[in-house]
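# Examination of the molecular architecture
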Amino acid sequence: MIEIRRMTPQVGALVEGVDVKAIDDETFATLYRTWLECNVLVVRGQALAIGDFLAYSRRFGLLEPHPSKSTRHPDCPEVTLLGVNKFNPDGQLNMAIYRRGAEGWHTDGAYDEVPFKATQLYALAIPSRGGDTLFASMYAAYDALPAKLKQRLEGLQGAYVYGGRRKRADLLNPEDRNRKPALHPLVRTHPETGRKALYFDPGKILRVEGLDATESDALIDELAGYMIQPGTEYHHQWRTGDIVIWDNRCSFHKAAGDYPPEEDRIHWRVSIKEHAVTH
Ligand SMILES: O=C(O)CCC(=O)C(=O)O
Ligand SMILES: [Fe+2]
């Protein structure tokens, strides 16, 4: 029997008692609705081949290969490998791989003109301690903004690149590092729920369009202070066989980046975009 439990009042739902390889449209519709409500959906206890992971992920949208070519699965470009090749040939820990996603709270894909709808991870190996993924709500961040700041943000856009102001792009091939910035409104209305969210990523934003550099940096700092609202965090403690999807249009996340490096922490990961609108 399918069992669905909310993990916190706003973010995170845990599903047990389903096999994602064999769910009918009605059950999928329930999972999808739960995901939209809770921003993060965990389905526990899966045993998936790579084709199963792709097929289930495609039910959420279009899969797109990640711009980091060196971390793509060798046989399957839509799948990114997390935690693989963590040690350089000289035995040094490769921090870009070990701490991927751990540098700060973020949303995935803001550097793309059509940012990612969702990201989905499937856990193949999990360390004995640490290595959680942390989530929080962009709706709560927007709701917490003072009215004046909400007004100021209306019509303002952020300009984003993969490496942000610090130009951190170690996982990109050199030829992929200088793409032109993508612009997105700082307040985005979620296309499916109709709710407003603070769409913002301090690690990828270059500037707020139309402001001078000092004003832009000050606004970026101010917004960073509203991102994570108390009571909206969900910390996912992984188990092997967990499949977790998050909605990049309404949630922030980060990897804890704190597990014993000599242990394995390996996931398959896909980036999911919205289907082309057909109506
Ligand atoms: O490894 C994790 O916990 C999440 C990493 C991350 O930020 C991502 O995959 O987008
Ligand atoms: Fe991420």
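Nothing here was measured: the structure is a model prediction, and the numbers come from that model. (Residues numbered from 1 in each chain as written. Chains lettered and ligands numbered in written order. Predicted model: local features only at pLDDT ≥ 70, side-chain atom pairs only at ≥ 80, totals over all residues. Heavy atoms only, no water.)

## Brief notes about the overall build of the protein chain
The helix and strand inventory of the protein chain stands at 6 helices and 17 strands. Compactness check: the protein chain gives a C-alpha radius of gyration of 18 Å against a globular reference of 19 Å for 279 residues, within 12% of the reference. Intrachain contacts of the protein chain at a sequence separation of at least 6 include 81% that bridge at least 24 residues. Put simply, the protein chain shows about 13000 Å² of open surface, and 50% of that area lies on carbon and sulfur atoms. Looking at the protein chain, you have 35 positive and 38 negative side-chain charges, and the mean spots of the two groups are 2 Å apart. (Helix = DSSP H or I, 4+ residues; strand = E, 2+ residues; numbered from the N terminus. Rg over C-alpha atoms; globule rule 2.2 N^0.38 Å. Contact = heavy atoms within 4.5 Å. Areas by Shrake-Rupley, 256 points an atom, 1.4 Å probe, with all protein chains shown as cover. Lys, Arg positive; Asp, Glu negative; His and termini not counted. Charge placed at Lys NZ, Arg CZ, Asp CG, Glu CD.)

## Concerning helix α2 (residues 50–58)
Among all positions in α2, only F53, L54, Y56 and S57 are buried. Looking straight down α2, one finds its buried side chains confined to an arc of 170 degrees; they lie on one side. (Buried < 20%, exposed > 50% of the residue type's maximum accessible area, 1.4 Å probe, protein only. Arc of directions from axis to C-beta.)

## A few points about the pairing of strand β2 (residues 13–16)
Taken residue by residue, a regular strand's side chains alternate between the two faces of the sheet. Both strand β1 (residues 3–6) and β2 contribute to a ladder of 4 bridges, which runs antiparallel. Its bridge partner being in β2, R5 is matched across the sheet by L14. Taken together, β1 and the strand that follows it, β2, pair antiparallel across an intervening segment of 6 residues, in which G12 is found at a positive phi of about 100 degrees. In the sheet, β2 pairs with strand β3 (residues 40–43) via 3 bridges, with the strands oriented parallel. By the bridge assignment for β3, L14 is matched with V42. A crossover links β2 with its parallel partner β3, the connecting element being helix α1 (residues 25–38), and its sense is right-handed. (Pairing = 2+ DSSP bridges. Right-handed = clockwise from strand over helix to strand, strands pointing away.)

## Side note on the sheet that holds strand β9 (residues 157–160)
Spatial ordering of the open sheet is given by β10-β9-β13, a layout of 3 strands whose pairing is antiparallel. Each end of this open sheet is capped by a strand with a single partner; those strands are β10 (182–185) and β13 (205–208). This sheet shows a mean twist of 30 degrees between the axes of neighbouring strands, independent of strand direction. As paired elements, β9 and β10 share 4 bridges and run antiparallel to each other. Looking at β10, one finds that G158 is bridged to H184. (Axes fitted to C-alpha atoms, helices over the stretch in contact; angles between N-to-C directions.)

## Describing the nonpolar core
Among the nonpolar cores identified, the biggest contains 29 residues, and W35, L41, V43, Y56 and F60 are the most heavily contacted of them. Elements that contribute at least two residues to this core include exactly β2, α1, β3, α2, β6 (76–82), β7 (118–125), β15 (243–247) and β17 (266–273). With 6 residues, the single largest contributor to this core is α1. Residues within four places of W35 in sequence aside, it is in contact with V40, L41, F60, K117, A118, I245, W246, D247 and R249. Listed in part, the 27 residues of the second largest apolar core include A141, L156, Y160 and C250. (Core = buried A, V, L, I, M, F, W, Y, C linked by side-chain atoms within 4.5 Å.)

## Brief notes about the environment of Q10
Relative to the assigned elements, Q10 resides in the loop between β1 and β2. Taking relative accessible area as the criterion, Q10 reaches 33% and is therefore assigned partly exposed. The residues touching Q10, leaving out its near neighbours within four places in the chain, are E37, C38, N39, S137, A140 and T232.

## Overview of the sheet that holds strand β14 (residues 234–236)
Strand order in the open sheet formed by 3 strands is β14-β8-β16, with antiparallel pairing between adjacent strands. Among the strands making up the open sheet, the edge pair consists of β14 and β16 (251–255). Taking each pair of neighbouring strands and ignoring which way they run, the sheet shows an average axis angle of 20 degrees. Judged from the 3 bridges that link them, strand β8 (residues 133–137) and β14 form a sheet pairing that is antiparallel. Bridging from a neighbouring strand, F135 pairs with Y234 of β14.

## Overview of unusual backbone geometry
In this structure, N39 is a non-glycine residue whose phi angle is positive, near 70 degrees. Here N39 shows up in the loop between α1 and β3.

## Topic: the packing of aromatic side chains
Scanning the entire structure with this criterion turns up 16 aromatic pairs. An aromatic cluster of at least three residues, connected via ring pairs, comprises F28, Y32, W35, Y56 and F60. Its end group placed over the ring of Y142, K150 keeps NZ or CZ at 4.9 Å from the ring centre. Sitting over the ring of Y139, R195 keeps its end group 3.9 Å from the ring centre. (Phe/Tyr/Trp six-rings, centres within 6.5 Å; stacked < 30°, edge-to-face > 60°. Lys NZ or Arg CZ within 6 Å of the ring centre and 35° of its normal.)

## Overview of the site of ligand 1
Taken together, the residues surrounding ligand 1 are L82, R100, G101, H106, D108, T133, W246, H253, A255, R265 and R269. At a separation of 3.1 Å, an oxygen atom of ligand 1 approaches a polar side-chain atom of H253. For ligand 1, whose accessible area on its own is 290 Å², the fraction buried by protein is 96%. Placement of ligand 1 is best described as lying within the largest pocket. Residues of the shell around ligand 1, tallied by class, amount to 3 nonpolar, 4 polar and 4 charged. (Near = heavy atom within 4 Å. Polar contact = N/O pair within 3.5 Å; in protein donor to acceptor, adjacent residues only side chain to side chain. 1 Å grid on protein atoms, 1.4 Å probe; cavity = no way out; pocket = protein on both sides within 12 Å on 5 of 7 lines; lining within 4 Å. Sits in = over half its atoms within 2 Å of the grid points. Nonpolar A, V, L, I, M, F, W, Y, C, P; charged D, E, K, R; others polar.)

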